[in-house]
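# Observations on the model geometry
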Amino acid sequence: MNKRTFKHSALPYFFIAPQLLIIAVFFVWPALQSVNMSFYLQDPFGFSSTFVGLQNYIDVLKNPNYFKSFRFTLLFSLLVTFFSLALALLLAVKADQVIRAKNSYNTLIIWPYAIAPAVAGLLAVFLFDSHVGPLYQLFNQMWHFDHKLDSFDATLALVLVSVWKQVSVNFVYFIAGLQGIPHSVKEAAAIDCKSRTKRFWTITFPLLAPTTFFLLVINITYAFFETFGIIDTLTRGRPSGETSTLVYKIYQDGFLGADLGGSSAQSVLLMVFVMLLTVVQFRFLEKKIHY
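Structure report, in brief.

About the criteria used
Residues numbered from 1 in each chain as written. Predicted model: local features only at pLDDT ≥ 70, side-chain atom pairs only at ≥ 80, totals over all residues. Heavy atoms only, no water. Helix = DSSP H or I, 4+ residues; strand = E, 2+ residues; numbered from the N terminus. Buried < 20%, exposed > 50% of the residue type's maximum accessible area, 1.4 Å probe, protein only. Areas by Shrake-Rupley, 256 points an atom, 1.4 Å probe, with all protein chains shown as cover. Lys, Arg positive; Asp, Glu negative; His and termini not counted. Charge placed at Lys NZ, Arg CZ, Asp CG, Glu CD. Phe/Tyr/Trp six-rings, centres within 6.5 Å; stacked < 30°, edge-to-face > 60°. Axes fitted to C-alpha atoms, helices over the stretch in contact; angles between N-to-C directions. Parallel < 35°, antiparallel > 145°, perpendicular 65-115°, else oblique. Left-handed = near helix turned anticlockwise from the far one by under 90°. Nonpolar A, V, L, I, M, F, W, Y, C, P; charged D, E, K, R; others polar. Contact = heavy atoms within 4.5 Å. Core = buried A, V, L, I, M, F, W, Y, C linked by side-chain atoms within 4.5 Å. Salt bridge = Lys/Arg side-chain N within 4 Å of Asp/Glu carboxyl O.

Once that is clear, we can look at the overall build of the chain. Helix and strand counts for the chain stand at 13 helices and two strands. Expressed along its principal axes, the backbone C-alpha trace of the chain runs to roughly 80 × 75 × 30 Å. For the chain, with 291 residues in total, the buried portion stands at 35%. Carbon and sulfur atoms make up 68% of the accessible area of the chain, which totals about 18500 Å². Separation between the mean location of the 22 positive side-chain charges and that of the 15 negative ones in the chain comes to 15 Å.

Here it is, written out as structure tokens:
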């Protein structure tokens, strides 16, 4: 039997060429440069470099501050992802039940999406200011709150601001997912089960599984990388590096400490870790998702 081939136009490749060029320039090339620099001891002024093999990786893995940042990144990402998804889902369910002024409620909740992380961090600086900050005064009524000296308080402040910034994005997808559930399914569920809570966990939430999985990936990425601006403006890793994520530690060691080889090794390790995390998510979690 003869194999039949079909001619196709090169026009689709022309349309995606600009995007591929952007990916090559701003992702592939810097990634390759980081891998190359991780094997060298770089002069801070860029005049010379000495090949040291895997010594930068050994130094990073022997550094207790690196594992402190690693533990904080995992804890911070877990808290931000969980509370962002939970709060957004709660708001989406409540907003979906609103009859009057529904668009106004949705617009008010979506507003924080337009604020950049660095701007959100600057707003938090005023909110947690020891002289005029309303949140600082509120928390001090319950305990001695000081996010500049206490690591728990600093983590709490970062999580609150990061969750507030991300809730609006999750809300948009959850409200779209709720509105995409057929009305006939909702009516049948209401007839079969009188309990709203049971209907939600047995019918509504499983139908939102694809949306939830997508948002899980997005929120983990957000907590790992996009919270850099919030950390840099609010705590800058203080106190004593307790609130430094892996991304922020790369910035501190590379741009502030001028350790280009060590920071490059950290970026490569972070890239490998994120790739493994992505594989785990799509290999094990996605199998339980029914589209």
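Structure's up, so let's keep going.
This brings us to the packing of aromatic side chains. A full pass over the atoms with the stated rule returns 23 aromatic pairs. On the basis of an interplanar angle of 20 degrees and a centroid distance of 5.5 Å, the ring pair of Phe139 and Trp143 is categorised as stacked. The exposure class of Phe139 is buried, given its relative accessible area of 11%. Since its relative accessible area comes to 31%, Trp143 is described here as partly exposed. Each ring, one from Phe228 and one from Tyr251, has its centre 5.2 Å from the other, and the planes form 90 degrees; the classification is edge-to-face. With Phe228 in helix α11 (residues 228–234) and Tyr251 in helix α12 (residues 246–256), this pair connects stretches of sequence that are 23 residues apart. On the basis of relative accessibility, which here comes to 25%, the residue Tyr251 falls in the partly exposed class.

Packed helix pairs are characterised by how far apart their axes lie and by the angle those axes make with each other. Put simply, helix α3 (residues 64–96) and helix α7 (residues 151–179) touch, their axes get as near as 6 Å, and they point 40 degrees apart. It follows from the interaxial angle that α3 and α7 lie oblique. Crossing geometry of α3 relative to α7 is assigned as right-handed. Of the residues that constitute the contact of α3 with α7, the class distribution is 21 nonpolar, six polar and one charged.

Bringing the packing of helix α8 (residues 183–192) against helix α9 (residues 196–207) into the picture now. Between α8 and α9, the least distance of the axes is 10 Å, while the angle of their chain directions is 160 degrees. On the basis of the axis angle, α8 is roughly antiparallel to α9. At the point where α8 passes α9, the crossing takes the right-handed sense. On α9, the residues that touch Val185, Ala189 and Ala190 of α8 are Arg199, Ile203 and Leu207. Split into classes, the residues belonging to the contact of α8 with α9 amount to five nonpolar, no polar and one charged.

Ranked by internal contacts, the top residues of the largest apolar core, which has 36 residues, are Phe128, Leu158, Val161, Phe171, Phe174 and Leu234. Among the elements of the structure, α3, α5 (117–127), α6 (134–140), α7, α10 (209–226) and α11 are those that each provide at least two residues to this core. Looking at this core element by element, the count peaks at ten residues for α7. By size, the runner-up hydrophobic cluster in this structure holds eleven residues, among which are Tyr57, Val60, Phe224 and Ile250.

Quick look at α12 now. Here α12 has its buried residues at Leu246, Val247, Tyr248, Lys249, Ile250 and Gly254. Count one or two residues on from α12 and you reach Ala258, which has phi positive near 60 degrees.

We now examine the pattern of salt bridges. Within the structure shown, the criterion is met by two salt bridges. Residues Lys68 and Glu242 are paired through a salt bridge, measuring 3.9 Å at the closest nitrogen-oxygen approach. Placement of the pair is Lys68 in helix α3 and Glu242 in the loop between α11 and α12, with a sequence separation of 174 residues. For Lys249, the salt bridge identified is with Asp253, shortest N-O distance 2.6 Å. Here Asp253 and Lys249 lie together in helix α12, a separation of four residues that amounts to about one turn. Taking the relative accessible area as the measure of exposure, Lys249 reaches 8% and is therefore buried.

Geometric values such as these leave the question of function open.
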